[in-house]
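# Per-entry structural report
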Amino acid sequence: MEHPGAESPGGGSSSGGGSTSSTSSQEGEEPESPGGPGPEEEEDDEAAAAASPATYAMMEDCLLKKIEISVAEAEKRTGRNAMNMQETYTAYLVETRAVESQAEGQCSPPDSLWRRYSEFELLRNYLLVNYPHVIVPPLPEKRAEFVWHKLAADNMDPDFVERRRIGLENFLLRVASHPILCQEKIFNAFLTKEGGWKETVNETGFQLKADSRLKALNATFRVKNPDRRFTELKHYSDELQSVISHLLRVRARVADRLYGVYKVHGNYGRVFSEWSAIEKEMGDGLQSAGHHMDVYAASIDDILEEEEHYADQLKEYLFYAEALRAVCRKHELLQYELEMAAQDLTSKKQQCEELATGTVRTFSLKGMTSKLFGQETPEQREAKIKVLEEQIRDGEEQLKAKNLESR
């Protein structure tokens, strides 16, 4: 599953990361629904085929072609939280500038506003809930993980804040280059509306549509006919996460040991320097050796700084694997709900048929009560058949809606 325009997750402004997504769950052969293929599925195929040119037009019309987006700087601030307790946090300056004005030679100042990391989180959670078929680009980590002891795990560390600033900018660029996500009004408001944006998002009630983890876990174990494509994707992302996590942990341990080895040479350098002061004949040689030891010990800082850059890119693959798993989990949940709707519809149709013919095919409580208390009157059966027919019509509509949502 490739990202158009992105060679790697760490590609910065060249990333079109979000565009991995929307087509991922639509490509290939459509799985047969539990209720069997129907006319509505053929209509869906025709609609999907007709929508393809529109999708390409949306890609050409993506937001990133109209405006430049950057997270220009980070600033440490102090304020009051929801519990009215003082807290220290980092705010990020989001700047936007119209591409057209630059093409016309106008150098107008960019529009800018400040955002907290929690607001980026809120935006991504909103996109996850409202676009479950899209692999939503990940955010950089909130707190440093897989770190070796020299690096501060503090989320206020200047180096960590700078890496997170770059990651947040990549996130905005990827969303803005995605043909579907870039059309979202909440995202556009995030870039332009500083005051009242959080209230606007919360008023949408998106939290009510969020699936619980228990519900998703239940679907994982109870779905009867999982889609093979999504099962393979889930296994792939699970394995990718496991391998990268292990690699990052090993790398942190190796960095610790390597750092220790290099810094031991710094101790040797100090010993040689002190030794040179009391040796007359070998003083210059010892002083030179001590200097070389100090230079060698200091070189580890540049080596591990470069290693940290590679680790950041590995972490992006790790976070993208989790984004892929989120799509797979949502599909499992939809598939489970689809199977339950099909099963309920089949049951209702069987009940209706039994009432119409007066025969009971399977052992049931209804059959036992009929034997104990006698058969129902024709009027009672007619009333129940009407209720069941109404429920069947509703069930067919619900099954059709679930099929569309799953596709």
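The structure displayed is predicted, hence computed values, not measured ones. (Residues numbered from 1 in each chain as written. Predicted model: local features only at pLDDT ≥ 70, side-chain atom pairs only at ≥ 80, totals over all residues. Heavy atoms only, no water.)

Right, let's talk about the overall build of the chain for a bit. When its secondary structure is counted, the chain shows eleven helices and three strands. Shown N-terminal to C-terminal, the secondary structure of the chain runs as helices and strands in the order α-β-β-α-β-α-α-α-α-α-α-α-α-α. Classification of the 407 residues of the chain by burial places 37% in the buried group. Within the chain, contacts between residues separated by at least 24 positions form 72% of all contacts whose residues are at least 6 apart in sequence. Of the roughly 24,000 Å² of accessible surface on the chain, a fraction of 53% belongs to carbon and sulfur atoms. (Helix = DSSP H or I, 4+ residues; strand = E, 2+ residues; numbered from the N terminus. Buried < 20%, exposed > 50% of the residue type's maximum accessible area, 1.4 Å probe, protein only. Contact = heavy atoms within 4.5 Å. Areas by Shrake-Rupley, 256 points an atom, 1.4 Å probe, with all protein chains shown as cover.)

Another point: the nonpolar core. Within the largest apolar cluster, 35 residues are counted, with the highest numbers of intra-cluster contacts made by F120, L123, L127, L172, F187, L191 and W197. Elements supplying a minimum of two residues to this core: β1 (67-80), β2 (86-98), α3 (117-130), α4 (158-176), α5 (185-192) and α6 (197-203). It is α4 that contributes the most residues to this core, seven residues altogether. If sequence neighbours within four positions are ignored, L123 has contacts with F171, I186, F187, F190 and W197. By size, the runner-up hydrophobic cluster in this structure holds ten residues, among which are L345, L355, L388 and L399. (Core = buried A, V, L, I, M, F, W, Y, C linked by side-chain atoms within 4.5 Å.)

With that out of the way, let us pick up the sheet that holds strand β3 (residues 111-116). Here three strands make up an open sheet; going across it, the order is β1-β2-β3 and the pairing antiparallel. A strand with exactly one partner marks an edge of an open sheet, and here the two such strands are β1 and β3. On average, each strand axis in the sheet is inclined to that of its neighbour by 25°, with strand direction left out of account. Of the strand pairs in this sheet, β1 and β2 are connected by 13 bridges, and their pairing is antiparallel. For T78, the partnering residue across the bridge sits in β2 and is T88. Where α4 meets the sheet, its contacts fall on β1 and β2, and the angle it forms with β1 comes to roughly 135°. (Pairing = 2+ DSSP bridges. Axes fitted to C-alpha atoms, helices over the stretch in contact; angles between N-to-C directions.)

What follows is about the confidence of the model for the chain. Overall, the predicted model of the chain reaches an average pLDDT of 77, with 73% of residues at or above 70. Low pLDDT, under 50, characterises residues 46-51; the stretch is placed with zero contacts to residues that sit more than four places away or in other chains. (pLDDT = per-residue confidence, 0-100.)

Turning to a negative patch on the surface, a few remarks are in order. A surface patch of negative charge is lined by D159, D302, E305 and E306. The greatest single-element share of the negative patch, amounting to three residues, is contributed by helix α9 (residues 283-357). Residue placement: E306 occurs in helix α9. (Patch = residues over 30% accessible without salt bridge, like charges linked within 9 Å, V, L, I, M, F, W, Y side chains within 5 Å. Salt bridge = Lys/Arg side-chain N within 4 Å of Asp/Glu carboxyl O. Lys, Arg positive; Asp, Glu negative; His and termini not counted. Charge placed at Lys NZ, Arg CZ, Asp CG, Glu CD.)

Within the secondary structure layout, T90 lies in strand β2. With 25 residues separating them in the primary sequence, T90 and R115 have C-alpha atoms 8.8 Å apart. Residues in contact with T90, not counting those within four places in the same chain, are A74, E75, R115, R116, Y117, M156, V161 and R164.

Residue placement: E184 occurs in the loop between α4 and α5. For the buried E184, no salt bridge is present, and the opposite-charge side chain at shortest range is K185, 8.0 Å distant. A distance of 2.5 Å separates a polar atom in the side chain of E184 from a polar atom in the side chain of Y131. Here the side chain of E184 touches I186 through a polar contact of 3.0 Å, landing on its backbone nitrogen. Setting aside residues up to four positions removed in sequence, E184 forms contacts with Y126, L127 and Y131. (Polar contact = N/O pair within 3.5 Å; in protein donor to acceptor, adjacent residues only side chain to side chain.)

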